[in-house]
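# Geometric and topological summary
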Amino acid sequence: MLARLWYGNSGWRWWLAPFALLFALVSGARRLGYRRGWLASYRASLPVIVVGNLSVGGNGKTPVVVWLVEQLQARGWRPGVVSRGYGGKAPYYPYRLDETSTPTEAGDEPVLIARRCGCPVAVAPKRADAVRLLEHSGEVDIIVTDDGLQHYALARDIELVVVDGARRFGNGCLLPMGPLREPITRLKRVDAILCNGGEPAPGEYAMGLIPGTPRRVCDDAPLEAPLSGPVDALAGIGHPPRFFATLTSLGYELEQSVGYGDHQAFDAAELLARFGQRPLLMTEKDAVKCRPFAPPHWWYLPVSAELPDALGEALLRTLQGAGVSAPAGNRKT
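Rules and cut-offs
- Counting starts from 1 at the beginning of each chain's written sequence and moves along it residue by residue.
- At least 70 in pLDDT is required for a residue's local features to be given in this predicted model, at least 80 for side-chain atom pairs to be given and counted, and no such filter applies to totals for whole chains, interfaces and linings, which use all residues.
- Remark: hydrogens and water are excluded; side-chain values derive from all non-hydrogen atoms of the structure.
- UniProt positions are given in the numbering used here, feature names are shortened, and annotations may be inferred rather than shown by experiment.
- Aromatic pairs are defined between Phe, Tyr and Trp rings, using the six-membered ring for Trp, whenever the two ring centres lie within 6.5 Å; interplanar angles under 30 degrees are classed as stacked, those over 60 as edge-to-face, and all others as tilted.
- Burial status follows relative accessibility: with a 1.4 Å probe on protein chains alone, a residue under 20% of its type maximum counts as buried, one over 50% as exposed, and anything between as partly exposed.
- For a Lys NZ or an Arg CZ to count as sitting over a ring, it must be within 6 Å of the ring centre and within 35 degrees of the ring normal.
- Think of a 1 Å grid over just the protein atoms. A cavity is a set of points where a 1.4 Å probe fits yet cannot get out, a pocket is an open set with protein on both sides within 12 Å along at least five of seven lines, and lining residues have an atom within 4 Å of a point.
- Grid points are joined across faces, edges and corners, and a volume is the space filled by probe spheres set on the points.
- Secondary structure follows DSSP: runs of H or I at least 4 residues long count as helices, runs of E at least 2 residues long count as strands, and numbering of each begins at the N terminus.
- Only Asp, Glu, Lys and Arg are considered charged, only Ala, Val, Leu, Ile, Met, Phe, Trp, Tyr, Cys and Pro nonpolar, and every remaining residue, Gly among them, polar.
- Contacts were defined at the residue level, with two residues in contact if any of their heavy atoms lie within 4.5 Å.
- Whenever two N or O atoms come within 3.5 Å, that pair is a polar contact, provided that in protein one can donate a hydrogen and the other can accept it, and provided that, for residues adjacent in sequence, both atoms are side-chain atoms.
- Criterion used throughout: strands pair if DSSP finds at least two bridges between them.
- Within this document, salt bridges are pairs made up of a side-chain nitrogen of Lys or Arg and a carboxyl oxygen of Asp or Glu, the two lying within 4 Å of each other.

The protein chain goes by Tetraacyldisaccharide 4'-kinase in an unreviewed UniProt entry, where it is assigned to Aeromonas sanarellii. Within the UniProt record for the protein chain, the comment given under Function (unreviewed entry) is "Transfers the gamma-phosphate of ATP to the 4'-position of a tetraacyldisaccharide 1-phosphate intermediate (termed DS-1-P) to form tetraacyldisaccharide 1,4'-bis-phosphate (lipid IVA)." The UniProt entry for the protein chain carries the following text under Pathway (unreviewed entry): "Glycolipid biosynthesis; lipid IV(A) biosynthesis; lipid IV(A) from (3R)-3-hydroxytetradecanoyl-[acyl-carrier-protein] and UDP-N-acetyl-alpha-D-glucosamine: step 6/6."

This next bit is on the packing of aromatic side chains. Applying the stated criterion to the full structure yields 5 aromatic pairs. Measuring from ring centre to ring centre gives 5.5 Å for Tyr92 and Tyr95, while their planes differ by 65°; the resulting arrangement is edge-to-face. Consider the rings of Tyr260 and Phe266, whose centres lie 5.3 Å apart with planes at 75°: the pair is edge-to-face. Taking the relative accessible area as the measure of exposure, Phe266 reaches 14% and is therefore buried. The ring centre of Tyr42 lies 4.1 Å from the NZ or CZ of Arg132, which sits over that ring. When the ring centre of Phe266 is taken as origin, the NZ or CZ atom of Lys289, which lies over that ring, is 4.4 Å away.

Moving on: the layout of surface pockets. Size it by volume and the largest pocket reaches roughly 910 Å³. What lines the largest pocket is a set of 40 residues, and nearest its centre among them are Gly58, Thr62, Glu109, Ile237 and Lys285. If you list the elements that add at least two residues to the lining of the largest pocket, you get helix H3 (61-74), helix H5 (108-117), helix H7 (240-249) and helix H9 (284-290). Among the residues making up the lining of the largest pocket, the classes are represented as 11 nonpolar, 14 polar and 15 charged.

This paragraph deals with the UniProt feature "binding site: ATP" (unreviewed entry) in the protein chain. Under the present numbering, the feature "binding site: ATP" (unreviewed entry) in UniProt falls on Ser55, Val56, Gly57, Gly58, Asn59, Gly60, Lys61 and Thr62. Of the annotated set, the members that line the largest pocket are Gly57, Gly58, Asn59, Gly60, Lys61 and Thr62. Following the sequence through the fold, Val56 ends up in the loop between strand S1 (48-52) and H3. Discounting residues that sit within four places of it in the chain, Val56 has contacts with Trp6, Tyr7, Leu175, Pro179 and Arg181. As for its placement among the helices and strands, Gly57 is situated in the loop between S1 and H3. Of the residues examined, Gly57 reaches a relative accessible area of 30% and is grouped as partly exposed. Apart from residues lying up to four places away in sequence, Gly57 is in contact with Arg167 and Gly238.

Let us now look at the side chain of Glu182. Inspection of the secondary structure assignment puts Glu182 in the loop between strand S6 (158-164) and strand S7 (192-196). Residue Glu182 is classed as buried on the basis of its relative accessible area of 1%. One polar contact links Glu182 to Gln150, side chain to side chain, over a distance of 2.8 Å. Among the polar contacts listed, one links the side chain of Glu182 to the side chain of Arg186, at a separation of 3.4 Å. When residues no more than four places from it in sequence are discounted, the contact partners of Glu182 are Arg31, Leu54, Leu149, Gln150, Tyr152 and Leu174.

Turning our attention to the sheet that holds strand S12 (residues 280-283). The sheet built from 5 strands is open, its strands ordered S9-S13-S12-S10-S11 with mixed pairing. Lying at the two open borders of the sheet, with one neighbouring strand each, are strand S9 (215-216) and strand S11 (254-259). Of the strand pairs in this sheet, strand S10 (residues 231-235) and S11 are connected by 5 bridges, and their pairing is parallel. Paired with Val231 across the strands is Leu254, a residue of S11.

Moving on to the pattern of salt bridges. Inspection of every chain in the model, using the stated rule, returns 21 salt bridges. The residue Asp141 makes a salt bridge to Arg78 at a minimum N-O spacing of 3.5 Å. With Asp141 in the loop between helix H6 (127-137) and strand S5 (142-146) and Arg78 in the loop between H3 and strand S2 (79-83), this residue pair connects regions lying 63 residues apart in the sequence. Glu182 is the salt-bridge partner of Arg186, the closest N and O atoms lying 3.4 Å from each other. Each member of the pair, Arg186 together with Glu182, is buried. Residues participating in the shared-partner salt-bridge network are Arg31, Arg156, Glu159, Glu182 and Arg186.

Going through the model one piece at a time under the given rule, you end up with 1 cavity of 30 Å³ or more. Estimates place the volume of the largest cavity at around 70 Å³. In terms of lining residues, the largest cavity is bounded by Ile49, Trp67, Leu68, Gln71, Leu72, Arg75, Gly312, Leu315, Leu316 and Leu319. Elements represented by at least two residues in the lining of the largest cavity include exactly H3 and helix H10 (309-321). Considering only residue class, the lining of the largest cavity consists of 7 nonpolar, 2 polar and 1 charged.

Have a look at this one:
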């Protein structure tokens, strides 16, 4: 329903204009309050990089966070990642993930990032609390936040915005009339705009998601021989059609393509009943939730962000321009 309003030409969206105006007034006043210093922001002693977006729904932020962490590690940094931990309920906050942490506790994306990157990850509803935890641990020297562009209670040094290159900004309206959390003019104040698929606008960096070898959900074993015949697919992400289109482009014949809500908690019995016969392909984010009950014919498709080298160099220049550089003891020679 909302997708048709936001990304189609439905005139019904105008019924939501008063609510969008109210959202604009409240969110604008909040931004102004932080910008003028009327509301307090936490300024960490470490540099902070925010990876976020303007619109609701999946734009590809998590692969960018993984890419950024790997880029920083390759350049001698010791990054840590913070997240709100949406979809999880930790026993306490701030919560530092370990090898036993589950999506039920920490959320699916933080668990994915911790497993892929092997870096410290902490979650808290107030991201500044998670930043303090990693900051005081002494394990990290730079912070990357997964989402949080609109979380102005945390000061930041660099802002990266990921844009869905196919859907762009929909009808260009603010919530609930459109998909935007902030006006498009907000992009003038960010450090880089990453266009995930589609044709980048002038000044944007082209981004692609490169599929890897499918891996078995229950034990991460790589697929040794291509799957033959029809397969099923599920995706509990912000925009499931993108994942299904990727599978089709790779030559898979999809019998069932079932989309679930982003961060949705899965019912094991329902999934096992629905996907009990044919091979099943899912996203890596879904896999971290399905691993405890997945049968051996369930697979996930890892993806990695492909971004130009120029972006990494531009980010380093931005950090250096702010007087920040990698500690000499951590630089690789």
